Amino acid sequence: MFLTLRRLSSAQTLVRRPVFTRNAPLLTRLMPFHSTMACTNEPSSEPASESASESAATGPNTTTKLAKSKANKKAVPEMLSPERLQAIMQRLVESPPSQSLEAERSDLIMEIDSHRINSNPRGISAERYNKLIELLNRCYNVAQLREYIKAKGIAPKKLKRAVLRQIANECWGVLSEEQVHKELKSLKARQVRQQVSASKEELFFVIGNNGATLRNIENMSKATITIDVSKSQYVLEGLPEEVEIARQEIKSCLPIVKKEYDIPQLKDDMAKTDFAVQSKNLLSDISKISNTYISINDGKFHIAALSQKSLDSSKRQLELVLTEMGYTDKKPLSVSDHTLIAISKDLTNLSVKPKDFYSLTPIHDASAMPLSARNVGWSRVVHDTNHDQYRPFGSQHQESLLRMVSNKSESEQSTIEFSKIADLLRDTLKVSDETKENISVEAFFGHLLLKNPVTNQAQMNLLTPGLEGSFGFEQFQNIMNERYYERRIFFPTTPPANFVTPLIPIEVDGSLHKRIIQAHYVNTSFLTSLDPRSKDNGLERLTVEFSEQNDGSIKLDRVLGEHGRAAVDAICVSGRIDMRILAKRYSLYTNEQLATPEGYVNLPLPSSVEELIKKCSLIGYNELSCPNFWSQDNVAGSNMALVDVSFKNERQHLIDDCLVTLSHTQKQEGHTGFNELKVTHVTEDAAKNNYLPVKNGLASWKNMASTLEHLARRWEY
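Residues numbered from 1 in each chain as written. Predicted model: local features only at pLDDT ≥ 70, side-chain atom pairs only at ≥ 80, totals over all residues. Heavy atoms only, no water.

- By the naming in an unreviewed UniProt entry, the chain is K Homology domain-containing protein, taken from Phycomyces blakesleeanus.

Observations concerning the overall build of the chain
For step 1, the next point in the chain: In terms of regular secondary structure, the chain is built from 17 helices and 28 strands.
For step 2, the next point in the chain: Buried positions account for 44% of the 717 residues belonging to the chain.
For step 3, the next point in the chain: Contacts spanning at least 24 positions in sequence make up 67% of the contacts within the chain whose residues lie at least 6 apart.
For step 4, the next point in the chain: Summed over all atoms, the accessible surface of the chain reaches about 38600 Å², with 49% contributed by carbon and sulfur. (Helix = DSSP H or I, 4+ residues; strand = E, 2+ residues; numbered from the N terminus. Buried < 20%, exposed > 50% of the residue type's maximum accessible area, 1.4 Å probe, protein only. Contact = heavy atoms within 4.5 Å. Areas by Shrake-Rupley, 256 points an atom, 1.4 Å probe, with all protein chains shown as cover.)

Observations regarding unusual backbone geometry
For step 1, the next point in the chain: Positive phi outside glycine occurs at N291, with the angle close to 60°.
For step 2, the next point in the chain: Within the secondary structure, N291 sits in the loop between α12 (269-290) and β7 (292-297).
For step 3, the next point in the chain: Although it is not a glycine, D656 sits at a positive phi angle of roughly 55°.
For step 4, the next point in the chain: Checked against the element boundaries, D656 lands in the loop between β26 (639-655) and β27 (658-667).
For step 5, the next point in the chain: On the basis of relative accessible area, D656 is assigned to the exposed category, the value being 64%.

Section: the sheet that holds strand β4 (residues 224-228)
Within a sheet, each strand pairs with its neighbour through backbone hydrogen bonds, oriented either parallel or antiparallel.
For step 1, the next point in the chain: A sheet is described by the order of its strands in space; here three strands give the open sequence β3-β5-β4, paired in antiparallel fashion. Looking along the sheet, the strands with just one partner apiece sit at the ends: β3 (192-197) and β4. Strand-to-strand, the axes of this sheet are offset by a mean angle of 20°, without reference to chain direction.
For step 2, the next point in the chain: In this structure, β3 lies alongside strand β5 (residues 233-238), joined through six bridges in antiparallel fashion. Residue pairing across strands places V192 opposite G238, the latter belonging to β5.
For step 3, the next point in the chain: Its contacts with the sheet put helix α9 (residues 200-207) on β3, β4 and β5, and the angle it makes with β4 is roughly 140°. (Pairing = 2+ DSSP bridges. Axes fitted to C-alpha atoms, helices over the stretch in contact; angles between N-to-C directions.)

Let's talk about helix α7 (residues 160-171)
For step 1, the next point in the chain: Taking 1.5 Å of rise per residue, twelve residues should cover 16 Å, and α7 covers 15 Å from first to last C-alpha, within 8% of that figure.
For step 2, the next point in the chain: Within the sequence span of α7, burial applies to A162, V163, L164, Q166, I167, A168 and C171.
For step 3, the next point in the chain: Against the buried residues of α7 lie α5 (126-139) and α6 (142-151).
For step 4, the next point in the chain: Remark: G173 follows α7 within two positions and exhibits a positive phi of approximately 65°. (Expected span 1.5 Å × (residues − 1).)

Structural notes on the pattern of salt bridges
For step 1, the next point in the chain: Under the counting rule described, the total for this entry stands at 27 salt bridges.
For step 2, the next point in the chain: When the shortest N-O distance is used, the salt bridge between E562 and K584 registers 4.0 Å. One end of the pair, E562, is in strand β20 (residues 554-573); the other, K584, is in strand β21 (residues 577-590), with 22 residues separating them in the sequence. With respect to class, E562 is no different from K584; both count as buried.
For step 3, the next point in the chain: A salt bridge links E676 to K648; the nearest nitrogen and oxygen atoms lie 3.5 Å apart. Pair noted here: E676 is in strand β28 (residues 673-681) and K648 is in strand β26, with a separation of 28 residues, a long-range link. Pair check on accessibility: E676 and K648 agree, each one buried. (Salt bridge = Lys/Arg side-chain N within 4 Å of Asp/Glu carboxyl O.)

Side note on the sheet that holds strand β8 (residues 300-305)
For step 1, the next point in the chain: One open sheet holds the three strands; their spatial order is β6-β8-β7, and the pairing between them is antiparallel. Each having just a single partner strand, β6 (257-262) and β7 make up the two edges of the open sheet. In this sheet, adjacent strand axes meet at a mean angle of 20° when their direction is disregarded.
For step 2, the next point in the chain: The pairing of β7 with β8 spans six bridges and is classified as antiparallel. The residue of β8 that forms the bridge with I296 is F301.
For step 3, the next point in the chain: Packing against the sheet, α9 makes contact with β7 and β8, and its axis sits at approximately 155° to β7.
For step 4, the next point in the chain: Of the strands in this sheet, β6, β7 and β8 touch helix α13 (residues 308-324), which is tilted by about 145° from β8.

Describing the packing of aromatic side chains
For step 1, the next point in the chain: By the definition in use, this model includes eleven aromatic pairs.
For step 2, the next point in the chain: Ring centres of F275 and F301 lie 6.3 Å apart, and the angle between their planes is 80°; this geometry places the pair in the edge-to-face category. With F275 in helix α12 and F301 in strand β8, this residue pair connects regions lying 26 residues apart in the sequence. For the pair shown, F275 and F301 are each scored as buried.
For step 3, the next point in the chain: Here the aromatic cluster, defined as three or more aromatic residues joined through ring pairs, consists of F204, F205 and Y293.
For step 4, the next point in the chain: One cation-aromatic arrangement involves R515 over Y621; the distance from NZ or CZ to the ring centre is 3.9 Å. (Phe/Tyr/Trp six-rings, centres within 6.5 Å; stacked < 30°, edge-to-face > 60°. Lys NZ or Arg CZ within 6 Å of the ring centre and 35° of its normal.)

Digging into the environment of N523
For step 1, the next point in the chain: In this structure, N523 sits in strand β18 (residues 513-523).
For step 2, the next point in the chain: In sequence terms N523 and E540 are 17 residues apart; their C-alpha atoms lie 5.1 Å from each other.

Observations regarding the nonpolar core
For step 1, the next point in the chain: Counting residues in each nonpolar core, the largest one holds 40 residues, and the members touching the most others are F418, F445, W701 and L708.
For step 2, the next point in the chain: Those elements giving two or more residues to this core turn out to be β12 (401-404), α14 (421-429), β14 (438-451), β20, β21, β27, β28 and α17 (701-713).
For step 3, the next point in the chain: Among the elements that take part in this core, α17 stands out by supplying six residues, more than any other.
For step 4, the next point in the chain: Counting residues in each nonpolar core, the second largest holds 23 residues, with V544, F546, V559 and L642 among its members. (Core = buried A, V, L, I, M, F, W, Y, C linked by side-chain atoms within 4.5 Å.)

Structural notes on the side chain of R580
For step 1, the next point in the chain: Position of R580 among the secondary structure elements: in strand β21.
For step 2, the next point in the chain: Residue classification places R580 among the buried positions, given a relative accessible area of 12%.
For step 3, the next point in the chain: Polar side-chain contacts of R580 include one of 2.9 Å to the backbone oxygen of S334.
For step 4, the next point in the chain: For R580, the residues in contact, after removing those within four places along its chain, are S334, V335, S336, E442, A443, F444, L448, F490, V568 and D569. (Polar contact = N/O pair within 3.5 Å; in protein donor to acceptor, adjacent residues only side chain to side chain.)

Right, dumping it as structure tokens:
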């Protein structure tokens, strides 16, 4: 504890702020301060007049002697009165010295920080560096500098010059050019370089999705990683400790599980040729989605994955893609059972061959198309309104007529009314007793797309359809029955802007919008198999539907098990839009959480389905964790494979007895998104049953068909 007094004159004293040691008791800190206050603030007890008179009486010589005598004597500080001392003590209690010291310490750190300059990776000039050191040396003592370094969490050195370099180099990262050169030289001398051999599968996982894994490892270890695919190796460069960290991180990324599968028997030479062209892009896309590495060698698929779950996901998606691409004898899941095309109003005489003319318009949207379709060019069928013989479609009250184009048999070339489509669905479903079945009918609006021919095997054909210009019905029927055009997909499309404006909106839980999550499973007997399977007679499909709550949790809403389905594509309904009409035989599963609607066929929820539901969890906004495969109860070898997971933001409307659902759908696998319009027939009290379709949609199809034609006539952009 130090106190410094410098006397300026007999009437004025300048006092520097006392410097207290941290460990000194409070009373010890205060006593010198009291003495200082006594010396500087208390008025002199001797009046000035007495001193003057004394000086005048004794004369100049006496005054000089007295002055020398006083100078030789040691000054004794005057003691404070009890009242004055009590006031000072009270003031110090209200503002403890610790708070004042902490404020001073904070001010000191801020003041030293104000001298900080920006660092440069190449270093600053020696002149600028020396000026910074001299500035700190001139303005602060070693105790202040050491206090600053302690505040930065660094152990200060003893000598002041070393402390100054610590502040510049360690606290501020400021180095001179010479220091940077020496440091680089030292680091270069310590750097090591390791070459590690690796297979292509291992290099794939080291790189990660678009290089994400590689960047993460480099940022974590500070080492440099170079991938050399041609030599099947990667190179690690850096300090020994950095290289070791990078090596351990790479090692943790490579617990690879490997599996081989024979490539299934392809349908014909066309399938083999197309597979040879498309396989590279398909395998690359599946590898990215499932985080696996897939290659073809010796007529086999070689799959490498980081876990068994990823390997199962890759295998499942391979089976789905091989099925959807039509490479094997399995029917693609996206192909309908029948295809019809609408006829213009004057062609109602069945004995006269249709004379409508059509054209193909290219259409492609990779961000909305499934994985199996995005690498192929597509075209939709439209009526050629520019043709000389084009006739507009019928009036608002005239029923549409359609012509069968899906095969060449004479019995299938008849013209049918739109309201008779239910008969086609009924024959395909082969329902023995409709009263004992739940049969739903749904209609989707969009476009039926035909595959464009590939003229150059090295690139996709996005703009050139199979037929150019106008063509008649017979020519159109011929191409629809060619082997190449067997593959077609139904592509949902966005309705016109004011399409749903006149419809009545429905509130669900106080909101016009609802977010649902659907997990779709299909029996593996419908898929191309990569491993031997026994014949399966269980469920054909299973849909588990959840609704997302406001807190982000999910609630089980509905579980539907399908026993059969039939699909009919109707092209150019009312000359404007295509429709896919889908009929499903299904069972509703119920338990304590699921409501039991009256009049419907309900089944108790199987324990295997309950286990499946327990394994489903929402782990992201558009990511549901669920099993890749699932086995039914009491059915040997009856596996169900996950087809996809859909996230739908829905808005529902009513028109007549039909529910119109407009949804923005996002697929979890493939990261595709599209708008979809679906129409179902519901009962008058549908709100009680959570807007389930009517129990027998085939029986009520006529009323639904009238609504669908009305909506098709309003489909105009």
